[in-house]
Structure formats: structure tokens, C-alpha cells
Amino acid sequence: GAVVSQHPSWVICKSGTSVKIECRSLDFQATTMFWYRQFPKQSLMLMATSNEGSKATYEQGVEKDKFLINHASLTLSTLTVTSAHPEDSSFYICSAFMGREQNQPQHFGDGTRLSIL
Amino acid sequence: KQEVTQIPAALSVPEGENLVLNCSFTDSAIYNLQWFRQDPGKGLTSLLLIQSSQREQTSGRLNASLDKSSGRSTLYIAASQPGDSATYLCAPQTSGSRLTFGEGTQLTVNP
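None of the values given here were measured: they were computed from a predicted structure.

Glancing now at the packing of aromatic side chains. Residue and element names in this part refer to chain A. In total, this model carries six aromatic pairs over all chains according to the counting rule given. Ring centres of phenylalanine 67 and tyrosine 92 lie 6.4 Å apart, and the angle between their planes is 40 degrees; on these two criteria the pair is classed as tilted. Of this pair, phenylalanine 67 sits in strand 7 (residues 67–73) while tyrosine 92 is found in strand 9 (residues 90–97), placing the two residues 25 residues apart along the sequence. Take phenylalanine 67: its relative accessible area is 4%, and that puts it in the buried class. For tyrosine 92, a relative accessible area of 0% translates into the label buried.

Given below as C-alpha cells:
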């Protein structure tokens, strides 16, 4: 089945550091990838939609200058949390959309737990 | 804006029981609806996907139904096992391939 790999799985760093998270589709080409954030005891909230070769579309309230998204190839999207602060500590999950039809499932990575000290 | 509600928020049952998890959504203009399982600290595992034209889907002990017009879906788990313990999330998909998640039902199956 379709596999999405997310790296790293856990990051602990100091406040002010920039952190890059990678999301790869391992056995299919992903024209669209999604980035979600999940705070403890809460559900997943969509942050942005990443389209290969074009700018990401950010959800209302998500700072595009703080959460930089790059989708340079059909198998890789990256999320960079710039100048991270403790309030950015969260569980970040990416998903990949396999095809162009809107009735296809999304496949999720295993997530990255980000802890900012 | 799509809003998703899942009931109950938490459920604790003895092993072997059949159980039903409920999901309701406000915008019925969906392409499909997915049910996911999330283990603590982990990502999501897709369980079932129901297309908007379908009424139900089955996979092993899991059966999901969809009533698109009334904005409801249910996940039926037969003969529950301790390994079924997890948080179950439903997510209808609307335009732009957007998934909107409910807050989930936290299921505990006791041996």
C-alpha cells in the first residue's frame, strides 16, 4: 500500500531554532501534500496545502512566514518552523494525496513531535 | 465551514462487545469520508473510505455506513479486542481534497 515517510519523528530544540520536517511519498507521486498540527487531546487541524511546483496555500490564522513549506518534487514536501518558540511545540503530521481525483484517500505519515525548550 | 462532531468522546467496554461510534458533519457536499485510527503519539492509520455514492464499506470486523444527506456516519466494530484500543477519527473530504477531522472517540477495550 501507499507509504508516507516523515522525518524526524521527534525533535527537541532550544527556543529560536529553526526546524525542518520532511514528508516523503515512498511508492507514489504526490501532487498534493497536506500539513496538519495536533495539540494534546485535540484533533488534527489543517495548516496548509502543498502543491508540487507552486506556492503552498495556508489556512486562516497560520503564519506563512513562520511555517515555510516547500514542495520541490513529486515525492518530497518540507515544513520549516522558523524561530520556533515553546508555543510551537506540537505534533506535526503530513499526508499525501495520491492522485488527481478527489475521491482518493489521503495517506498519513507517522508524525513529528516537536518540543521547544 | 465543515464542522465534525464525534460521539461519544470516550468509550470503555469489555472485550468481545460490539460497539458503534458516531460521526456527524454539517456540510453534506462531500466527496468521501474516511475513518482513521490513531494510537497514542502516532500518526493516522486509514481504516475505511466511503465514497459519497456509497452507503457502507466493510473491512474485517469493521463496518462503516454513510448517510450523506443527513450528515452522519457510523463505525461499527464487531467483537472488540484489546488491540482495538485507540482514538478513532472520522474525516469527511470536501472540495480541494480538504479533510476536516472530528475530535475523535477514545476507545478502551478491557481484557
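Let's pick the thread back up.
Attention now goes to a nonpolar patch on the surface. A cluster of nonpolar side chains, namely Trp10, Ile12 and Leu117 of chain A, defines an oily patch on the protein surface of about 390 Å² accessible area. Structurally, the position occupied by isoleucine 12 of chain A is in strand 2 (residues 10–13).

Let us now look at the state of the cysteines. Residues and elements named next belong to chain A. One pass over the full model with this rule turns up two disulfides over all chains. Here cysteine 23 is linked by a disulfide to cysteine 94, with a sulfur-sulfur distance of 2.0 Å. Here the S-S torsion is close to 80 degrees, and the disulfide linking cysteine 23 with cysteine 94 is therefore right-handed. Here cysteine 94 lies in strand 9 and cysteine 23 lies in strand 3 (residues 19–25), a separation of 71 residues in the sequence.

This part takes up the confidence of the model for chain B. Taken residue by residue, chain B gives an average pLDDT of 94. The fraction at 70 or more is 100%. Mean pLDDT across the elements of chain B bottoms out in strand 10 (residues 98–99) of chain B (86) and peaks in strand 8 (residues 72–77) of chain B (98).

To continue, consider the side chain of threonine 32 of chain A. Residues and elements named next belong to chain A. Topologically, threonine 32 is positioned in strand 4 (residues 32–38). Residue classification places threonine 32 among the buried residues on the basis of a relative accessible area of 12%. Within the local environment of threonine 32, its side chain forms a polar contact with the side chain of asparagine 51, the two groups lying 3.2 Å apart. Those residues in contact with threonine 32 that lie beyond four places of it in its chain are Thr49, Ser50, Asn51, His71, Ser95, Ala96 and Phe97.

Here the focus is the environment of serine 73 of chain A. Its place among the elements puts serine 73 of chain A in strand 7. Separated by 49 residues in sequence, serine 73 of chain A and arginine 24 of chain A have C-alpha atoms that sit 9.6 Å apart.

Between chain A and chain B, the residue contacts involve 19 residues of the former and 22 residues of the latter. Here chain A and chain B share an interface that buries about 1600 Å² over both sides, 48% of which is from carbon and sulfur atoms. Where chain A meets chain B, there are one salt bridge. Of the charged contacts in the structure, one is a salt bridge between arginine 98 of chain B and glutamate 59 of chain A, with a shortest N-O distance of 2.7 Å. Counting the contacts that link chain A with chain B gives five residue pairs in polar contact (both at pLDDT 80 or more). Elements supplying a minimum of two residues to the side of chain A that touches chain B: strand 4, strand 9 and strand 10 (106–108) of chain A.

Next up on the list: the nonpolar core. Counting residues in each nonpolar core, the largest one holds 24 residues, and the members touching the most others are Trp35, Phe67, Leu79, Tyr92 and Leu114 of chain A. Going through the elements one at a time, strand 2, strand 3, strand 4, strand 5 (45–51), strand 7, strand 8 (76–81), strand 9 and strand 11 (112–116) of chain A are the ones with two or more residues in this core. With sequence-adjacent residues up to four places away left out, phenylalanine 67 of chain A is seen in contact with Arg37, Met47, Tyr58, Val62, Leu79, Thr80, Val81, Asp88 and Tyr92 of chain A. Membership of the second largest hydrophobic core comes to 21 residues, among which are Ala64, Ile77, Cys90 and Val109 of chain B.

Residue and element names in this part refer to chain B. Judged by which residues are buried, strand 11 (residues 105–110) turns out to be one-sided: Thr105, Leu107 and Val109 face inward and are buried, whereas Gln106, Thr108 and Asn110, on the alternate face, are not. Pairing analysis gives five bridges linking strand 2 (residues 10–14) to strand 11, with the strands arranged parallel. Within strand 11, the residue paired with leucine 11 across the bridge is leucine 107. Note: strand 9 (residues 86–94) against strand 11, three bridges, orientation antiparallel. Opposite tyrosine 88, over in strand 11, you have threonine 105 as the bridge partner.

Here is what the cut-offs are and how they apply
Residues numbered from 1 in each chain as written. Chains lettered and ligands numbered in written order. Predicted model: local features only at pLDDT ≥ 70, side-chain atom pairs only at ≥ 80, totals over all residues. Heavy atoms only, no water. Phe/Tyr/Trp six-rings, centres within 6.5 Å; stacked < 30°, edge-to-face > 60°. Helix = DSSP H or I, 4+ residues; strand = E, 2+ residues; numbered from the N terminus. Buried < 20%, exposed > 50% of the residue type's maximum accessible area, 1.4 Å probe, protein only. Patch = residues over 30% accessible without salt bridge, like charges linked within 9 Å, V, L, I, M, F, W, Y side chains within 5 Å. Areas by Shrake-Rupley, 256 points an atom, 1.4 Å probe, with all protein chains shown as cover. Salt bridge = Lys/Arg side-chain N within 4 Å of Asp/Glu carboxyl O. Disulfide = S-S within 2.5 Å. pLDDT = per-residue confidence, 0-100. Polar contact = N/O pair within 3.5 Å; in protein donor to acceptor, adjacent residues only side chain to side chain. Contact = heavy atoms within 4.5 Å. Buried area = accessible area lost by both parts, 1.4 Å probe. Core = buried A, V, L, I, M, F, W, Y, C linked by side-chain atoms within 4.5 Å. Pairing = 2+ DSSP bridges.

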